[in-house]
Amino acid sequence: MSNSALCFCGSAIPFKDCCQRYIDGNQKPPTALALMKSRYSAYAVHNADYLWNTTHISQRKFYSKEDILHWATANQWQKLEIILATENTVEFVAYFLDENKQNQIHHEYSTFKQENGSWFYIDGKFK
Ligand SMILES: [Zn+2]
């Protein structure tokens, strides 16, 4: 992708100036919303390590990096829409094409937690 390609999260600024800073570990997402958006972008660039590392340690037993990577790569991530964000929750809709190139929407109400200056994904309720 070109250096000025817009970020996957819909921020309308270049990926390198947006979520890539967090995914590459150069900066910490300052808010739950910034973390959520960067996790969406991590799905788009198939970065399972980032998704794993930003999942709260208490929740990692429910996931595997292989499953995360499969979910990231099997789908084509098209658009993220934020419905509502509070300090520690984000409701969003992710639009994607599944393995059969069918349009799908993933509507989730996610909860996050800040610990030692870093935000982590706790869990999500699916609508
Ligand atoms: Zn972004």
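Residues numbered from 1 in each chain as written. Predicted model: local features only at pLDDT ≥ 70, side-chain atom pairs only at ≥ 80, totals over all residues. Heavy atoms only, no water.

Quick look at the overall build of the protein chain
Along its length, the protein chain carries four helices and four strands. Each helix (α) and strand (β) of the protein chain, taken in turn from the N terminus, gives the series α-α-α-α-β-β-β-β. Over its C-alpha trace the protein chain gives a radius of gyration of 14 Å, about what one expects of a compact globule, namely 14 Å for 127 residues. By the burial criterion, 41% of the 127 residues in the protein chain qualify as buried. When contacts within the protein chain are restricted to residue pairs at least 6 apart in sequence, those whose partners lie at least 24 apart make up 35%. For the protein chain, the computed accessible surface area is about 7200 Å², with 50% contributed by carbon and sulfur atoms. Treating the 13 positive side-chain charges of the protein chain as one cloud and the 13 negative ones as another, the clouds have centres 4 Å apart. (Helix = DSSP H or I, 4+ residues; strand = E, 2+ residues; numbered from the N terminus. Rg over C-alpha atoms; globule rule 2.2 N^0.38 Å. Buried < 20%, exposed > 50% of the residue type's maximum accessible area, 1.4 Å probe, protein only. Contact = heavy atoms within 4.5 Å. Areas by Shrake-Rupley, 256 points an atom, 1.4 Å probe, with all protein chains shown as cover. Lys, Arg positive; Asp, Glu negative; His and termini not counted. Charge placed at Lys NZ, Arg CZ, Asp CG, Glu CD.)

With respect to the coordination of the zinc ion
Protein coordination of the zinc ion is provided by Cys7 (SG), Cys9 (SG), Cys18 (SG) and Cys19 (SG), with donor distances spanning 2.2 to 2.3 Å. Between the four donor atoms coordinating the zinc ion, the angles at the centre fall across 104 to 115°, so the site counts as tetrahedral. Donor residues binding the zinc ion come from one chain and are separated in sequence as C-x1-C-x8-C-C. Of the two residues, Cys7 is situated in the segment before helix H1 (19–23) and Cys18 in the segment before H1; the sequence distance between them amounts to 11 residues. (Donors = N, O, S within 2.8 Å, 3.2 Å for Na, K, Ca; no water. Tetrahedral: all angles 85-135°; square planar, octahedral: opposite > 155°, others 65-115°.)

A look at the pattern of salt bridges
Here the structure, examined in full by the defined rule, presents four salt bridges. Notably, a salt bridge pairs Lys79 with Glu81, separated by 3.7 Å at the nearest N-O pair. Of the residues examined, Lys79 reaches a relative accessible area of 42% and is grouped as partly exposed. Since its relative accessible area comes to 30%, Glu81 is described here as partly exposed. (Salt bridge = Lys/Arg side-chain N within 4 Å of Asp/Glu carboxyl O.)

Description of the sheet that holds strand S1 (residues 76–85)
Taken in spatial order, the four strands line up as S1-S2-S3-S4 in an open sheet, and their pairing is antiparallel. Pairing within the sheet leaves two strands with one partner each, and these edge strands are S1 and strand S4 (118–126). Strand-to-strand twist of the sheet, defined as the mean angle between neighbouring strand axes without regard to direction, takes the value 30°. Contacting S1, strand S2 (89–97), strand S3 (103–115) and S4, helix H2 (residues 32–44) runs over the sheet at an angle of about 170° to S1. (Pairing = 2+ DSSP bridges. Axes fitted to C-alpha atoms, helices over the stretch in contact; angles between N-to-C directions.)

A few points about the pairing of S4
In terms of strand pairing, S3 meets S4 through eight bridges, oriented antiparallel. In the sheet register, Thr111 faces S4, and the bridge partner there is Asp123. Two successive antiparallel strands, S3 and S4, enclose a turn made up of two residues, where Asn116 displays a positive phi of approximately 50°.

Quick notes on the nonpolar core
Core analysis: the biggest nonpolar cluster contains 30 residues, and Cys19, Met36, Trp77 and Phe112 have the highest contact counts within it. Listing elements by their share of this core, those giving two or more residues are H1, H2, helix H3 (48–53), helix H4 (65–74), S1, S2 and S4. For this core, the leading source of residues is H2, giving eight residues. (Core = buried A, V, L, I, M, F, W, Y, C linked by side-chain atoms within 4.5 Å.)

What to know about the side chain of Asp98
Within the fold, Asp98 resides in the loop between S2 and S3. Salt bridges are absent for the buried Asp98, whose nearest opposite-charge side chain, Lys101, sits at 7.3 Å. Side-chain polar atoms of Asp98 contact the backbone nitrogen of Gln102, separated by 2.9 Å. In contact with Asp98, not counting residues within four places along its chain, are Ala74, Asn75 and Gln104. (Polar contact = N/O pair within 3.5 Å; in protein donor to acceptor, adjacent residues only side chain to side chain.)

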